[in-house]
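Working through the structure, step by step
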Amino acid sequence: MYLTHLECPRCGREHDAGKLVNLCDCGSPLLARYDLAAVAKVLTPERFPLRPADLWRYRELLPVADPRHTTTLGEGWTPLLRTPAYGAEIGIPDLLVKDEGLTPTGSFKARGAAVGVSRARELGVERIAMPTNGNAGAAWATYAARAGLGATIVMPLSAPAVCRRECVAAGADLRLVDGLIGDAGRHVARLVADSGGAVFDAGTLREPYRLEGKKTMGYEIVEQLGWQVPDVIVYPAGGGVGLIGIHKALHELRELGWIEDRLPRLVAVQSTGCAPIVRAFAAGEERARPWADAHTVAFGITVPAPLGDELILDALRASAGTAVAVDDAEILADLRDFAAREGLLLCPEGAACLTAVRHLRAGGWIRAGERVVVLNTGSGLKDPETVDVTDVPVLPVLPA
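Residues numbered from 1 in each chain as written. Predicted model: local features only at pLDDT ≥ 70, side-chain atom pairs only at ≥ 80, totals over all residues. Heavy atoms only, no water.

1. Examining the packing of helix 12 (residues 328-342) against helix 13 (residues 348-362)
For clarity, the cut-off: Axes here mean lines fitted to C-alpha atoms, for a helix over just the part in contact, with angles spanning 0 to 180 degrees between N-to-C directions. Helix numbers and strand numbers start at the N terminus; a helix is a DSSP run of H or I with at least 4 residues, a strand a run of E with at least 2. Small angles under 35 degrees read as roughly parallel and large ones over 145 as roughly antiparallel, with 65 to 115 read as roughly perpendicular and the rest as oblique. By definition in these notes, contact holds between two residues if any of their heavy atoms fall within 4.5 Å. Three residue categories are used. Nonpolar comprises Ala, Val, Leu, Ile, Met, Phe, Trp, Tyr, Cys and Pro, charged comprises Asp, Glu, Lys and Arg, and polar comprises the others, including Gly.
Put simply, helix 12 and helix 13 touch, their axes get as near as 8 Å, and they point 95 degrees apart. On the basis of their axis angle, the class for helix 12 and helix 13 is roughly perpendicular. Between helix 12, through E330, I331, D334, L335 and F338, and helix 13, the contact on the second element is made entirely by P348, A351, A352, L354, T355, R358 and H359. Of the residues in the contact of helix 12 with helix 13, the class split is 7 nonpolar, 2 polar and 3 charged.

In structure tokens, the structure reads:
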């Protein structure tokens, strides 16, 4: 294994990667660091086509030392789809969608769960607990079951029903709270504190390895484009782990010498009903203030106070990117328009990215001829209520 240590991006302190840890003492999430010079000596891009088509093809850049602890359901290597009809309509002929809806449990959360659970198992964890808006809880419950770990999942009462059913089916201890994800987080914090160390907090960015699974989206995008980077990558940001991870992956690839210096501009997309990152970015602030009365049809990005706000904002500014808030009505309209033109039902979070891309192209921020990659973070089948079928005609039964 080439993992060397954990590093605090806020205060610079190094932590032992061989020990269970949550946040740095200064309160910041921790980032996994690798001996990339050593990786470059034993691995080249030409090796990857010979490996299985899953995220573990990048095993030298992942934190699991003993393959016996690897917990997998075949996650990763999702398609990068060209969307010529919709792209031409909005003035971006080279528009691609990375479809994470085909991962196990139906969302990109399976990436973080696969790597996070595998590393937790390797470090001796027997039960994890986490707050979630739905998909992450479903993924971690599923992978915990696969690894033989216990799982306590706390989610808002208004979370998608299918995610609750996934947790129950996986044997998790599911608890519902009549509030938002922050309220769920307070219940998890109390549970972990009362457990005397028997329960490990696996909440978003409260452990360092979920991010390592998510970063593989960045590796895959570059590999699928022939080791070239797109001009723009657009991501729906709630907790923002995927955006932070993609940013980290791109810098690792550049340090390895596998891509050139030019990196994509990153875009964080939020709803106008919950946009703490967009507000902080526009104001030039280093931290995001909690968003009051958060609500949006894109439930996965309803995160009023993301723990990784500093890291999200740093990634946007370092990449010359931006942050955009879009309206729920437009999200639903673009979701239907895209499905009708391209035959792919996006999750509302993915559709929000399309709305943002459309606005950015119309305003000139995305320039003519640029290659743009949109992350569709889950299957639209998990959010069936986003498509209204009340006006569909009912036909009479015809005589035989």
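From this point, the narrative continues.
2. Digging into helix 11 (residues 309-318)
Rule in force here: For the exposure calls, accessible area comes from a 1.4 Å probe over protein chains only, and a residue counts as buried if that area is under 20% of its type's maximum, exposed if over 50%, partly exposed in between.
Judged by how many residues are buried, helix 11 sits mostly within the fold: 7 of 10 residues are covered. The inward-facing, buried residues of helix 11 contact strand 3 (31-34), helix 9 (241-256), strand 11 (265-271), helix 10 (276-283) and strand 12 (322-326). Positive phi shows up at A320, right after helix 11, with a value of about 60 degrees.

3. Digging into the nonpolar core
A general feature of soluble globular proteins is that nonpolar side chains tend to end up buried together. Convention followed: The set of buried Ala, Val, Leu, Ile, Met, Phe, Trp, Tyr and Cys residues whose side-chain atoms join them within 4.5 Å is what this entry labels a nonpolar core.
Of all hydrophobic cores here, the largest spans 59 residues; its most connected members are I233, L243, W258, I277, L316 and L375. Per-element accounting of this core gives the leading share, 8 residues, to helix 9. Those residues in contact with L375 that sit more than four places away from it in its chain are K98, E100, M217, I221, I233, V234, Y235, P236, I246, G350 and C353. Among the nonpolar cores identified, the runner-up in size contains 32 residues, and W140, A147, L149 and A159 belong to it.

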